Amino acid sequence: VGAGPAGLACSAAVAAAGLHVVLFECTAPGGQLNQVGEVQAYAGGPFEPAAELAGRLTEYALNAGAEFRYEEVTGIDRVGPGWRLNGGEVFAELVIASGSEVDLGKYPGAESRVGRGVSVCATCDGPLFRGRPVIVAGCGRDARYEADELRKYASDVVLLRTPKAATLGLEPGAQAASPEARLAPFRAIDVDEIVACSGDPLESVTYRVGTEVHTLPAAGFFPAGDRVSPHERWLRPGPASPARSIIIGDARPGGSRTVLEAMGDGVRAAQEIRVRAPS
Ligand SMILES: Cc1cc2nc3c(=O)[nH]c(=O)nc-3n(C[C@H](O)[C@H](O)[C@H](O)COP(=O)(O)OP(=O)(O)OC[C@H]3O[C@@H](n4cnc5c(N)ncnc54)[C@H](O)[C@@H]3O)c2cc1C
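Quantities reported herein were computed from a predicted structural model and do not represent experimental measurements.

A. Region of the structure containing the pairing of strand β10 (residues 133–138). Within β10, five of the six residues are buried, leaving the element largely enclosed by the surrounding structure. Pairing analysis gives six bridges linking β10 to strand β11 (residues 156–161), with the strands arranged parallel. Its bridge partner being in β11, Ala137 is matched across the sheet by Leu160. The pairing of β10 with strand β16 (residues 220–224) spans five bridges and is parallel.

Structure (structure tokens):
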């Protein structure tokens with residue numbers, strides 16, 4: 001489930017071994033690569049267009065023979081030794097590669113304003129904020145990426161740097177390797193939490209530092225901090241749940257949230273499945 005780097009790498013390797021793979025994807029192949037202009041696939045390596053990397057990985061999976069199904073997985077049931085997806089077909093193996101997404105619940109007032117000033121994708125929505133002030137909240141690689149991207153369009157970018165979240169994982173230093181000029185002129189303020197988003201569409205963001213509460217005007221707000229794994233909504237832990245499902249990539253707790261680790265997880269999962277497959 002999920003055609004990001006983890007699911008694509010896993011599907012290609014399983015299909016290349018001659019097994020039938022169905023890859024469920026609810027948006028488009030590439031996962032988070034679709035939200036990023038350029039990625040650094042490994043610390044110290046070059047930046048490359050994320051769309052090209054997504055295209056290449058998709059091609060590998062297709063060439064190897066994986067079947068793509070554009071459908072959101074909303075329910076999984078255990079059926080004997082297999083798994084029934086969305087009440088339909090039963091599969092012998094289940095690989096959860098559904099990635100991670102920004103936890104909007106951590107930003108009061110943000111969820112109801114998505115599309116009306118709030119966005120989780122600076123690459124997609126940055127141009128809509130041309131000449132207007134925007135705020136990014138979060139820390140580490142993703143927040144820096146969003147801020148750098150928005151500096152191409154907005155009149156003023158403020159990064160409200162929140163405490164490091166456990167779900168952020170390792171940062172390969174991707175944005176630190178960008179040209180100096182892209183990193184310099186934006187304001188960063190260390191904050192304890194985001195308290196509120198106000199206006200409809202968005203007009204301001206309120207944050208807290210210690211006991212002091214401040215409000216900044218903003219036309220756009222880009223939360224880029226804490227992340228959650230969406231599969232927790234449809235794959236509940238319990239006695240009947242994942243005895244043999246494999247969780248890979250960003251969906252796996254404790255990962256580094258990098259393309260390379262997602263792909264490595266995918267290849268390792270494929271090996272596990274190949275070993276278990278009846279000959
Ligand atoms: C701003 C930003 C900058 C980044 N920069 C870098 C970088 O420079 N270098 C680097 O290595 N990494 C970078 N990353 C991280 C990298 O993109 C991720 O670690 C990687 O994409 C994780 O791959 P994945 O396959 O595990 O998950 P994802 O890429 O999140 O893919 C998961 C897929 O599952 C699908 N899905 C989810 N739920 C369902 C469902 N119920 N049914 C069907 N499909 C579903 C989603 O639509 C998605 O396509 C960056 C990420 C962001 C957001």
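B. Inspection of the sheet that holds strand β5 (residues 76–79) at higher detail. The strand order β5-β6-β7 describes an open sheet built from three strands, whose pairing is antiparallel. Since the sheet does not close on itself, it has two edges, and those belong to β5 and β7 (90–91), each with one partner. Relative to β7, strand β6 (residues 82–85) runs antiparallel, the two sharing two bridges. In the strand pairing of β7, Trp83 is matched with Phe91.

C. View of the sheet that holds strand β12 (residues 187–190). Taken together, the four strands give an open sheet; going across it, the order is β12-β11-β10-β16, and neighbouring strands pair in parallel fashion. Looking at the sheet topology across the chains shown, the edges are occupied by β12 and β16. The mean angle between the axes of side-by-side strands here comes to 20 degrees, regardless of whether they run parallel or antiparallel. Note: β11 against β12, four bridges, orientation parallel. Residue Val158 lies in a different strand from β12, and its bridge partner there is Arg187. Of the strands in this sheet, β10, β11 and β16 are in contact with helix α4 (residues 140–150), which crosses β10 at around 170 degrees.

D. Local environment of the site of the ligand. Residues in contact with the ligand amount to 35 residues; listed here are only the nearest, Glu25, Gln32, Gln40, Asp250 and Val259. One of the side-chain N or O atoms of Gln32 is found 2.9 Å from an oxygen atom in the ligand. For the ligand, whose free accessible area comes to 1,000 Å², the fraction covered by protein is 96%. Sorting the residues of the shell around the ligand by element identifies α1 (5–16), β2 (38–40), α4 and α6 (259–276) as the ones contributing at least two each. Of the residues contributing to the shell around the ligand, the split by class is 16 nonpolar, 11 polar and eight charged.

E. Quick look at the pattern of salt bridges. Within this structure, the stated rule accounts for 20 salt bridges. Glu101 is the partner of Arg233 in a salt bridge, and the nearest nitrogen-oxygen pair spans 2.9 Å. Here Arg233, found in the loop between β17 (227–228) and β18 (246–247), pairs with Glu101, found in strand β9 (residues 101–102); they are 132 residues apart in sequence, far enough to count as distant. Between Glu193 and Arg208 there is a salt bridge; the shortest N-O distance is 2.9 Å. Residue Glu193 is found in strand β13 (residues 193–198), and its partner Arg208 is found in strand β14 (residues 204–209); the two are separated by 15 residues along the sequence. For Glu193, a relative accessible area of 36% translates into the label partly exposed. Take Arg208: its relative accessible area is 27%, and that puts it in the partly exposed class. Residues participating in the shared-partner salt-bridge network are Arg141, Asp142, Arg227, Asp250 and Arg257.

Criteria and thresholds
- Along each chain, numbering runs from 1 in the same order as the chain's sequence is written.
- Reporting in this predicted model follows two pLDDT cut-offs: at least 70 for local features of residues, and 80 or more for side-chain atom pairs to be given and counted; totals over whole chains, interfaces and linings ignore these cut-offs and use all residues.
- Hydrogen atoms and water are omitted, and side-chain values are computed over all heavy atoms in the structure.
- Partly exposed residues are those whose accessible area sits between 20% and 50% of the maximum for their type, while under 20% is buried and over 50% is exposed, using a 1.4 Å probe and protein chains only.
- To qualify as a helix, a DSSP run of H or I must reach at least 4 residues; to qualify as a strand, a run of E must reach at least 2; elements of each kind are numbered from the N terminus.
- A strand pair is defined by DSSP finding two or more bridges across the two strands.
- Fitting a line to C-alpha atoms yields each axis, with helices limited to the stretch in contact; the angle taken between N-to-C directions then spans 0 to 180 degrees.
- Residues count as neighbours in contact if any of their non-hydrogen atoms are within 4.5 Å of one another.
- Whether a residue is near a molecule or strand depends on its heavy atoms: it is near if one of them lies within 4 Å of it.
- Think of a polar contact as two N or O atoms within 3.5 Å of one another; within protein, one of them needs to be a possible hydrogen donor and the other a possible acceptor, and neighboring residues in sequence only count if both atoms come from side chains.
- Accessible surface is estimated by sampling points in the Shrake-Rupley manner with a 1.4 Å probe; for residues, cover comes only from the protein chains shown.
- Gly counts as polar in this scheme, as do all residues outside two lists: the nonpolar Ala, Val, Leu, Ile, Met, Phe, Trp, Tyr, Cys and Pro, and the charged Asp, Glu, Lys and Arg.
- Salt bridge criterion: a side-chain nitrogen from Lys or Arg within 4 Å of a carboxyl oxygen from Asp or Glu.

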